[in-house]
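# Structural features, examined
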Amino acid sequence: MTIDLSEFTEEERLDIEEELNEGFARIEEQYAVDTQSGFENVLVLDNVPIVDESKRARLIERLRQAFAKAGAAIDEERVSMPWDDAAGTNKGFLFLTYPDGPQAEHALRTLNGTSFGKNVLHVNRFGDIERYANLPVGEGELPTGWRERPYAEKAHLRSWLADPAGRDQFVTFHNADVGVYWNGRNGNVEPVRDADGKALKNPKWGELFTQWSPLGTYFCSLHRVGVVLWSGPSLDGQIGVNVFRFTHPGVRMLQFSPCENYLVTWADAPLENYENSGNAALRDTYGPDDEGNTFVVWDVKTARVLRTFPPGSEAKQTGQWPVFKWSPDDAYVARCVAGQAIQVYELPEMGLLDKKSVKIDGVQDFEWCPMSDKDLDARKDGKGKECMLAFWTPEAENQPARVNVMAIPSRQILRSKNLFNVTDCKFFWQNQGDYLCVKVDRHARKAKTKKATFCNLELFRVREKDLPVEVIEHKEYIPSFAWEPSGNRFVVVSTADPNYGQNTSGGPGGPVVIKYNVSFYAPDPKKGDFAVVKTLADKITNTPVWSPRGRHIVLATVGSSSKFDLEFWDLDFSADDAKRDAAADPGQYVQLLAAAEHYGMTDIAWDPSGRYVATWGCSWRPTPEPGFSLWDFKGQELQHHALDKFKQFLWRPRPPTLLSKEQQKKIRKELKEHSRQFDDEDAAEENRGSAEKLAQRQREIAEWDAWRRRNVDRLLAARASRGKQIVRPAVEHGAEDEKVEEWIEELIDEAEETVVE
């Protein structure tokens, strides 16, 4: 419709046009379509795989099956897939029209972030897309109603490594108090302080128990409602920046992946349906499909749930932890379904490898092969070898027991070894992945029971072609085995005592003491096979603990109600390393440095540097005297604290060094040139310690003198008030110069002689 305004003046025409524009604006505003109204039941699904016409129907059917499995089923006619006619493919997104808004909201929460093959699906409301596309945003402006979120800088996550003295940190949990401390030279311990000089303390840390992450980046505290990770120099800060919360009601256990990217939590009570919960954290974290599950896998950096799992048969087996086991590069996580299969999940999608389990009839247990720093770097560059895991299956009918080494993801069996008369198998990987020891607990062929009475050690040389296996037969049972870190030696603790495994708490004669034989093995330089270097017979120590640097080892008596012995050994002891004969018997260099006892000890651990050892008695376990002690590697006790209700002692782990092998060799070669600096620092530390002790003694003497003077004056005042004469001893002139000689008689020897007449 056109209006003729020619008969009006220009000024009148402008006024009329302005009135018409205002009227049209009021009409548009009155009858405008609200993008939020009428589209509450429409969702947009993004990141859908791109397919051609031949796979179109199959893709829609698979998507509908995935939706139904997730609890958000939809009819085929309600799925609309936009099509690119020019390319002959779909556009990578589709529209889902649910019957009503509540069903669409449920599908939004359920489907958003789920995995579909190698794609992660993203779901949005149709109205949100329209609304965000029409937001009036100018250059450099924020949408109306939005608040600018200030940038929060994350504190340095590994600041403790920059300590000038190169000290390590440790945590103690005593009663409800958790403290963080520096471990200095010669047992000098001081609390870690924040920027204001205050000791790090947080009453929230002591609710259940604490734990460090594998590389020492995060300090974990467990609470009844979940897990909290603390980081930064002060182990505190803004939530989401230096503090991360993982809501899991009733959590009891947690486990990090080796690279600290992921976290598994477990609670004995299953998750509930929190759709109508008043707790927003529970409502936003878990969906209806998580109901009844007890395991939760998290992404650490985003605090997002990747997947939840129901309790399996392993949950009924007490003491089996961890249930989920990580590959060394955080690429996979797996768990064993006893007797059936190993389920390997790819990270971060948490989908089954090749969408199916590794079916293995009778499988009992498995362990991933560790990787050296060189292997991990190669994996990051895409040039490294595959991950490996070892698993075993027991004897069945006419089939022998078998140990297999499998490559992942190819599932290729790299080596298989048949075994007979097997009771159990345990895997011990050397920390660089060079060797695998399978400790095979065996029983006699015609024995009435399958109780293990002796052991075999099956040693796989992983770096060599076809993984050759060496067998060492032991006529005794082996309760403990340990590889030397980054080395090729190992220690075995064996026993033939018939009382082993029985109740040794004692009868009328007191507790029964089990005797053990401790044997050290190393490769024979001539033959190449592993041979005994030295055997320590009839020992009561049953737990070997290697230094993280190798060479030194502590043999401890753990688990006994009456013995708490410690022995500090050096396997390369020599007065002059330069004159050491390479062809000499290596057993002659195995030297006992010290023997000691920590009464009530239940646990033992080396610090990351390999210079100090901590032993402690935990009140959560049967112990006559809770508390902790610090020792140096030579076996000298530096500190001892007997503390009632002492619970935990935790060294803070260190990440791998950033120095290359060549740089480390150069530092070792030039170490003598820098020894003066270290000697001066050691002397200054000793002098500082002596000065502090002297000052402390002087303060104590001054306090004693002041206290004595106050009481003497009080006594004299009391006598004077009672009218008693105060007589002070007279001091003659020059008495202060009087010399007093004191005779001391000492009996040197006494002999008794009988005279016979």
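Look a little higher up for the structure.
The text that follows walks through the structure, step by step, so that each part is easy to find. (Residues numbered from 1 in each chain as written. Predicted model: local features only at pLDDT ≥ 70, side-chain atom pairs only at ≥ 80, totals over all residues. Heavy atoms only, no water.)

## Overview of the overall build of the protein
Put simply, the test is: Starting at the N terminus, helices and strands are each numbered in turn, a helix being any DSSP run of H or I of at least four residues and a strand any DSSP run of E of at least two. Burial classes: relative accessible area under 20% of the type maximum marks a residue as buried, over 50% as exposed, and values in between as partly exposed (1.4 Å probe, protein chains only). The criterion used for residue contact is that any of the two residues' heavy atoms lie within 4.5 Å.
Of the regular secondary structure elements, the protein holds eight helices and 45 strands. The buried share of the protein, reckoned over its 757 residues, is 39%. The contacts in the protein between residues at least 6 apart in sequence include a share of 49% that link residues at least 24 apart.

## A look at the environment of serine 213
Worth spelling out the cut-off: Polar contacts, as used here, are pairs of N or O atoms within 3.5 Å; protein pairs need one atom able to donate a hydrogen and one able to accept it. Residues neighboring in sequence count only if both atoms are side-chain atoms.
Looking at the secondary structure, you find serine 213 in the loop between strand E12 (210–212) and strand E13 (219–223). A polar side-chain atom of serine 213 sits 2.9 Å from the main-chain amide nitrogen of tyrosine 218. There is a polar contact of 2.7 Å between the side chain of serine 213 and the side chain of glutamate 260.

## Examining unusual backbone geometry
Peptide bonds are trans in most cases, and residues, glycine excluded, mostly fall at negative phi. For the peptide bond that leads from leucine 347 to proline 348, omega is 5°, which places it in the cis range. Locating proline 348 in the fold gives a position in the loop between strand E22 (341–346) and strand E23 (351–352). Here the bond from isoleucine 408 into proline 409 is cis, since omega is 20°, no more than 30 degrees from zero. One non-glycine residue with positive phi stands out, namely lysine 355, at about 60°. The class for lysine 355 is exposed, based on a relative accessible area of 61%. Although it is not a glycine, arginine 411 sits at a positive phi angle of roughly 65°.

## Some thoughts on the sheet that holds strand E29 (residues 422–429)
For the record, the criterion: In this analysis, strands are considered paired if DSSP registers two or more bridges between them. Between the N-to-C directions of two axes lies an angle of 0 to 180 degrees, each axis being a line fitted to C-alpha atoms and, for a helix, fitted only over the stretch in contact.
A sheet is described by the order of its strands in space; here four strands give the open sequence E29-E30-E31-E32, paired in antiparallel fashion. Strand pairing shows two members of the sheet lacking a second neighbour, E29 and strand E32 (469–474), which therefore form its edges. Ignoring which end each strand starts from, the neighbouring axes of this sheet average 20° apart. Relative to E32, strand E31 (residues 454–461) runs antiparallel, the two sharing six bridges. Residue cysteine 455 lies in a different strand from E32, and its bridge partner there is histidine 474.

## Thoughts on a positive patch on the surface
Counted only if it meets this: Patch membership is restricted to residues that have no salt bridge and whose relative accessible area is over 30%. Joining uses 9 Å for like charges and 5 Å for the nonpolar side chains Val, Leu, Ile, Met, Phe, Trp and Tyr. A 1.4 Å probe and the Shrake-Rupley method give the accessible areas. Residues count as covered only by the protein chains that appear here. One speaks of a salt bridge when a side-chain nitrogen belonging to Lys or Arg is within 4 Å of a carboxyl oxygen belonging to Asp or Glu. Positive charges come from Lys and Arg, negative ones from Asp and Glu, while His and the chain ends are left out of the count. A charged residue contributes its charge at one atom only: NZ of Lys, CZ of Arg, CG of Asp or CD of Glu.
A contiguous patch of positive charge on the surface is contributed by Arg549, Arg611, Lys661, Lys665 and Arg668. Since its relative accessible area comes to 38%, arginine 611 is described here as partly exposed.

From the geometry alone we can't say anything about function, so treat these as descriptive.
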